[in-house]
Amino acid sequence: MERLQEETTERLEFYQRLDGVHAAPLWAVLSQLVRPEPRSRCVPHKWDYAGMRSLLMEAGGLITAKEAERRVLVLENPGIRGLSQITQSLYSGLQLILPGEIAPSHRHAAAAMRLIVEGGGGYTAVNGERIPMAPGDFILTPSWTYHDHGNLGDEPVIWLDGLDLPIVNLFDASFAQTYPSGDVQEITRLAGDAQARYGSNMLPPEYVPDNKSSPLFHYPYARVKEALLQIGGADKLDPCHGIKLQYVNPVTGGYPMPTMAAYMQLLTAGFSGRPSRSTDATVYNVCEGAGVTLIGNERIEWSMGDVFIAPSWNTVAHQASERSVLFSFSDRAAQKALGLWREERLND
Ligand code: GTQ
């Protein structure tokens, strides 16, 4: 696939005429187009939480959440600057809501996942229900559902957003609307409603979902951590991933959203993982602990709150200097649905 043709003047003249009719010779681009294996333009990178937090606070003094609509610092992969993308397929950013603020209600075709990093008293309203936010909580906003955010507490609330915007835009399938009557959607359900209906290992009889996302919007950290610790005390660790669980849609047992997958993993103190690689570029957030992850040729040192990215098909090996919990998300759901996803475990 790496063959290069010798170009004659005759051929070059021909290519020029092709260019004039908006056509091009495949043989000149074939090896770029049909790659023998993934070679991402994205690079491994870490966004240091302390630095990003102070920039977010600065943003908090410059613009209100209401004026910004969403006061977010977009995390741009250094290999593809200017596209508002952290990977080829995903958008990610850090969002701040200050006490008393409101981020007005809107809906869009893009689906969002959120991992709360800091603060109590924040909430997201989805589907007529207010979902409280606590650090480590995983919260979903399915495609085309109205959502607004607020902060009823007395400290800043910060979370990591993950959206499938680049996928929606790849398909030129983006729609968005603001809520028709005011900044805040009408609350029609009691707090904990979705948790009770769909999050108790039970479902309403013959339940038929009305969209492709999990009807459960809130996966509290306390439960996830308890599960990880319980398994960690009993089981052998996976040599690459430690103790890792994936978030599920309770109706299907599958991924929580049609495009995105998300995970929480526990690495015991001193864990030194074997390298593996997969086709889904993965965004990590450090919920607890500290360590180092070797990604391709980069060495990424991380601690609580840091966000880092492992591009597609880069080898990833985690090492934890203390007991650590890592959240991660990727486009694995989309890749699997399309039959593209691959994984390889390497022996080191
Ligand atoms: O919270 O609705 O980071 O619409 C980017 C776009 C967050 C949101 C983002 C959004 C949102």
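Notes on the structure in this doc start here.

A few words on a nonpolar patch on the surface. Together, Leu-26, Val-29, Leu-30, Leu-33 and Val-34 give the surface a local cluster of nonpolar side chains, amounting to about 410 Å² of exposed area. The topology assignment puts Leu-33 in helix α2 (residues 30–33). Given a relative accessible area of 60%, Leu-33 falls into the exposed group.

Let us look at unusual backbone geometry. We note that Ser-84 has phi near 55°; this positive angle belongs to a residue other than glycine. At Asn-127, a position not held by glycine, the phi torsion is positive, near 55°. Following the sequence through the fold, Asn-127 ends up in the loop between β6 (122–126) and β7 (129–133). On the basis of relative accessible area, Asn-127 is assigned to the partly exposed category, the value being 38%.

Applying the stated criterion across every chain yields a total of 12 aromatic pairs. Geometrically, the ring pair formed by Phe-327 and Phe-329 is tilted, given 6.2 Å between the ring centres and 35° between the ring planes. Of the two residues, Phe-327 and Phe-329, neither departs from the other in class, the shared state being buried. Every member of this aromatic cluster is reached through a ring pair, and the members are Phe-138, Tyr-219, Tyr-247, Phe-327 and Phe-329. Taking NZ or CZ as reference, Arg-130 lies 4.2 Å from the ring centre of Tyr-123, over its face. Across from the ring centre of Tyr-263, 4.7 Å away, lies the NZ or CZ of Lys-244, which sits over that ring.

Here we take up the nonpolar core. The biggest cluster of nonpolar side chains holds 50 residues, and the ones touching the most others in it are Phe-138, Met-264, Phe-327 and Phe-329. Core analysis: the second largest hydrophobic core is formed by 12 residues, Tyr-284, Ile-300, Phe-308 and Ala-320 among them.

With that settled, the discussion passes to the site of the ligand. Near the ligand you find Arg-70, Val-72, Tyr-91, Gln-95, His-106, His-108, Arg-114, His-147, His-149, Asp-161 and Leu-163, and these make up its full shell. Within the contact set of the ligand, an oxygen atom lies 2.7 Å away from a side-chain nitrogen or oxygen of Tyr-91. Residue Arg-114 places a side-chain N or O atom 3.0 Å away from an oxygen atom belonging to the ligand. Contact with the protein chains covers 90% of the free accessible surface of the ligand, which is 290 Å². Going through the elements one at a time, β3 (91–97), β4 (102–108), β9 (147–151) and β10 (157–163) are the ones with two or more residues in the shell around the ligand. Tallied by class, the residues present in the shell around the ligand amount to 3 nonpolar, 5 polar and 3 charged.

The next thing to look at is the environment of Phe-14. Mapped onto the elements of the fold, Phe-14 is located in helix α1 (residues 9–20). By relative accessible area, which is 34% here, Phe-14 ends up partly exposed. Each C-alpha atom, one on Phe-14 and one on Tyr-221, is 62 Å from the other, the two residues being 207 residues apart in sequence.

Moving on, we get to the pattern of salt bridges. What the rule picks out here adds up to 15 salt bridges. One salt bridge connects Glu-288 with Lys-225, and the closest N-O pair in it is separated by 2.9 Å. Separated by 63 residues along the polypeptide, Glu-288 in strand β16 (residues 282–288) and Lys-225 in helix α7 (residues 221–234) bring together distant segments of the chain. Salt bridges linked by common partners bring Arg-189, Asp-193 and Arg-197 together as one network.

If you walk across this open sheet you meet the 6 strands as β1-β19-β16-β21-β14-β13, and the pairing is antiparallel. For this open sheet the edge positions go to β1 (45–47) and β13 (243–246), each flanked by a neighbour on one side alone. Taken pair by pair, the neighbouring strands of this sheet meet at an average axis angle of 20°, ignoring direction. When β16 meets strand β21 (residues 324–330), the two strands line up antiparallel, connected through 6 bridges. Bridge pairing in β21 places Asn-285 opposite Phe-327. Of the strands in this sheet, β13, β14 (261–267), β16 and β21 are in contact with α7, which crosses β14 at around 50°.

A word on the pairing of strand β5 (residues 112–118). Judged by how many residues are buried, β5 sits mostly within the fold: 7 of 7 residues are covered. Here β5 pairs with strand β8 (residues 138–141) via 4 bridges, running antiparallel. Counted as the bridge partner of Ala-112 is Thr-141 from β8. The sheet contact formed by β5 and β10 spans 6 bridges and is antiparallel. Among the inter-strand pairings, Arg-114 is bridged to a residue of β10, identified as Asp-161.

Another point: the sheet that holds strand β11 (residues 176–178). With antiparallel pairing, the 5 strands of this open sheet are ordered in space as β7-β6-β9-β4-β11. For this open sheet the edge positions go to β7 and β11, each flanked by a neighbour on one side alone. Looking at each pair of strands side by side, their axes are set apart by 25° on average, direction ignored.

What counts as what
- The residue count restarts for each chain, going from 1 along the sequence in the order it is written.
- Only residues with pLDDT of at least 70 get local features here, since the model is predicted, and only at 80 or more are side-chain atom pairs given and counted; chain-wide, interface and lining totals rely on the full set of residues.
- The side-chain quantities take in all heavy atoms of the structure and omit both hydrogens and water.
- Patch building starts from residues that exceed 30% relative accessible area and form no salt bridge, then joins like charges within 9 Å and nonpolar side chains (Val, Leu, Ile, Met, Phe, Trp, Tyr) within 5 Å.
- For every accessible area listed, the method is Shrake-Rupley and the probe measures 1.4 Å; residues are considered covered only by the protein chains on display.
- The rule for a salt bridge is simple: a side-chain nitrogen of Lys or Arg has to be within 4 Å of a carboxyl oxygen of Asp or Glu.
- Here a helix means four or more residues in a row that DSSP labels H or I, a strand means two or more in a row labelled E, and each is numbered from the N terminus.
- Burial classes follow relative accessibility: with a 1.4 Å probe on protein chains only, a residue under 20% of its type's maximum area counts as buried, one over 50% as exposed, and anything between as partly exposed.
- Only centres within 6.5 Å qualify two rings of Phe, Tyr or Trp (six-membered ring in Trp) as a pair; their planes then separate them into stacked at under 30 degrees, edge-to-face at over 60, and tilted for everything else.
- Only when the NZ of Lys or the CZ of Arg is both within 6 Å of the ring centre and within 35 degrees of the ring normal is a charge said to sit over the ring.
- Here, the term nonpolar core denotes a set of buried Ala, Val, Leu, Ile, Met, Phe, Trp, Tyr and Cys residues that are joined through side-chain atoms within 4.5 Å.
- When at least one non-hydrogen atom of a residue lies within 4 Å of a molecule or strand, that residue is treated as near it.
- Whenever a nitrogen or oxygen atom comes within 3.5 Å of another N or O atom, the pair is scored as a polar contact, on the condition that within protein one atom can donate a hydrogen and the other can accept it, and that pairs from neighbouring residues in sequence are kept only if both atoms are in side chains.
- As a working rule, the residues Ala, Val, Leu, Ile, Met, Phe, Trp, Tyr, Cys and Pro are called nonpolar, Asp, Glu, Lys and Arg charged, and the rest polar, with Gly in that last group.
- Between any two strands, at least two bridges found by DSSP are needed for them to pair.
- Angular values range over 0 to 180 degrees, each being the angle between N-to-C directions of two axes fitted as lines to C-alpha atoms, with helices fitted over their stretch in contact.
- Working rule for contacts: check all heavy atoms of both residues, and any pair within 4.5 Å makes them a contact.

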